[in-house]
Amino acid sequence: MKRPLALAPVLILLTLQSLSCGGNPRRQVAGDRAGVMPPGPPADFFTMVPLGDAITGQERPRIANVAIADLDRDGLPDIVVCDALRDRVTWLRQSPKGTFTETTIAVVAAPAHVQVIDFDGDGDLDVVVAALGVLMPSNDRLGSVIVLENDGRQHFTPHVVADRIARVADAEAGDLDGDGDLDIAVAGFGYDSGDTSWLENKGGWRFEQHVLLGLSGPINAVITDLNHDGRPDIVALVSQEWEEIWAFVNDGRGRFTNRLLWGSTNPDFGSSWISVVDLDGDGDPDIVYSNGDAFDYAPPNSRPWQGVQWLENLGDFRFAFHRIADLPGASSPQAVDLDGDGDLDIVVVSANNDWDNPVAPSLVWLENDGRQRFTMRTIASSPTHLITLAAGDLNGDGRPDLVAGGMHISRPYDCMRRITAWINDGPAKR
């Protein structure tokens, strides 16, 4: 969530000063719109299924993240959930097929993101948790990174590997220094102060933090090899008035060079999420990028610049901006071949839209024509206020299904749900 725009002039000055770290000049947002196609008919091949525990009393759900993973490795995909209202990381175990039962696996203050990975190399799946500490903006250093160690029977021991740091929005594991164990890239959102950093695994559940960039507002810290040199780099989305995407280029031993990949000149651009994927199938990683944050202003649907774009990897850390959809409140874009035609589509949710309009979309499919031109097709208009999305084959039929979580901070409160799945029945042949 953004700080007041009264601070924008000072922050823009500081942003310009930060370019001394190296990087490309900032570029205007009015980039290529050839990928924005006219809207298409609604997608009618999904069955909506509510999941998880019911809303109780006067609760207004605040699900910050959902992830699909077979946590118990029984062959049936499960769902791991960050519930920032109940301060819980929960597991929706699928057993038997088609039946999901929710249990708490850890109590965590405002969990924001989970990554399911075998962190300690013992053959079972652990959970890396990014914790804000508090959901609402705060300058207090309440953030933490927690690894939930699985004993192989889905009993989890929490290891707090970083504590009392800037509110953590993302934490993702990878071997960043080439020593054979997993380190962690960290997006320390903070509020007025925050940073992008990595935690060096020193063994014995001890970690040392190394700050890479001292700007507040990081949302994602994604580990990927941007330049095909076999060394894992970090790509960070930095919001607030910075509205930038940074690369931290790794020499393979945990020494990083900062590169600014792209930045908006609009201090209210509303960056909300990135996914790194080879969207155009040319062999290098691109960046799918949503901007839809508007929790701090009303009305939430008054920003025509909100939507979805992709940054095409041109090589040598150069990226071309392509707008592909206009969507208020756009969040959590995921690239997936939804219709089985061999190219990657994009699914995206809306957290802030004109919810007084009953047909305002909360979940949409951006259908790729194979040339990175996208037609928006509504999947759902209810529940509203969806902020997080995951794609995966829940029922084993070979088609990607969708799971979303609701973040019901603002009105109206008449279409609320914690966790919802949309089962993909396959598109009708056209």
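A quick note: this is a predicted structure, and the numbers were derived from the prediction, not measured. (Residues numbered from 1 in each chain as written. Predicted model: local features only at pLDDT ≥ 70, side-chain atom pairs only at ≥ 80, totals over all residues. Heavy atoms only, no water.)

1. Description of the nonpolar core
Judged by nonpolar contacts, the single largest core of 46 residues is most densely connected at Val89, Leu148 and Ile245. What Val89 contacts, discounting residues up to four positions off in sequence, is Val80, Val81, Thr103, Thr104, Ile105, Ala106, Val108, Pro111, Val114, Val129 and Leu148. (Core = buried A, V, L, I, M, F, W, Y, C linked by side-chain atoms within 4.5 Å. Buried < 20%, exposed > 50% of the residue type's maximum accessible area, 1.4 Å probe, protein only. Contact = heavy atoms within 4.5 Å.)

2. Quick word on unusual backbone geometry
A cis amide bond links Ser382 to the next residue, Pro383, at an omega of 0 degrees. Its place among the elements puts Pro383 in the loop between strand E25 (374–380) and strand E26 (386–392). (Helix = DSSP H or I, 4+ residues; strand = E, 2+ residues; numbered from the N terminus.)

3. Structural notes on the pattern of salt bridges
Across all of its chains, the model carries 18 salt bridges by this definition. For Asp74, the salt bridge goes to Arg93, with nearest N and O atoms at 4.0 Å. Within this pair, whereas Asp74 is found in the loop between strand E2 (63–69) and strand E3 (78–83), its partner Arg93 is found in strand E4 (residues 88–94), the two being separated by 19 residues in sequence. Note on Asp74: relative accessible area 35%, which makes it partly exposed. (Salt bridge = Lys/Arg side-chain N within 4 Å of Asp/Glu carboxyl O.)

4. Overview of the sheet that holds strand E19 (residues 286–291)
Read from one edge of the open sheet, 4 strands run E18-E19-E20-E21, paired in antiparallel fashion. Each end of this open sheet is capped by a strand with a single partner; those strands are strand E18 (271–277) and strand E21 (318–326). Across the sheet, the mean angle separating the axes of adjacent strands is 20 degrees when strand polarity is ignored. (Pairing = 2+ DSSP bridges. Axes fitted to C-alpha atoms, helices over the stretch in contact; angles between N-to-C directions.)

5. Focus on the pairing of strand E20 (residues 307–315)
The pairing of E19 with E20 spans 5 bridges and is classified as antiparallel. Bridging from a neighbouring strand, Tyr289 pairs with Gln309 of E20. Alignment of E20 against E21, held across 8 bridges, turns out to be antiparallel. In the strand pairing of E21, Leu311 is matched with Phe321. Following E20, the chain reverses through 2 residues before pairing antiparallel with E21; Asp316 in that reversal takes a positive phi of roughly 55 degrees.

6. Comments concerning the confidence of the model for the protein
Looking at the protein as a whole, the pLDDT averages 91, with 90% of positions reaching at least 70. Within the model, pLDDT remains below 50 along residues 1–25, and this stretch shows 58 contacts once partners closer than five positions in the same chain are excluded. (pLDDT = per-residue confidence, 0-100.)

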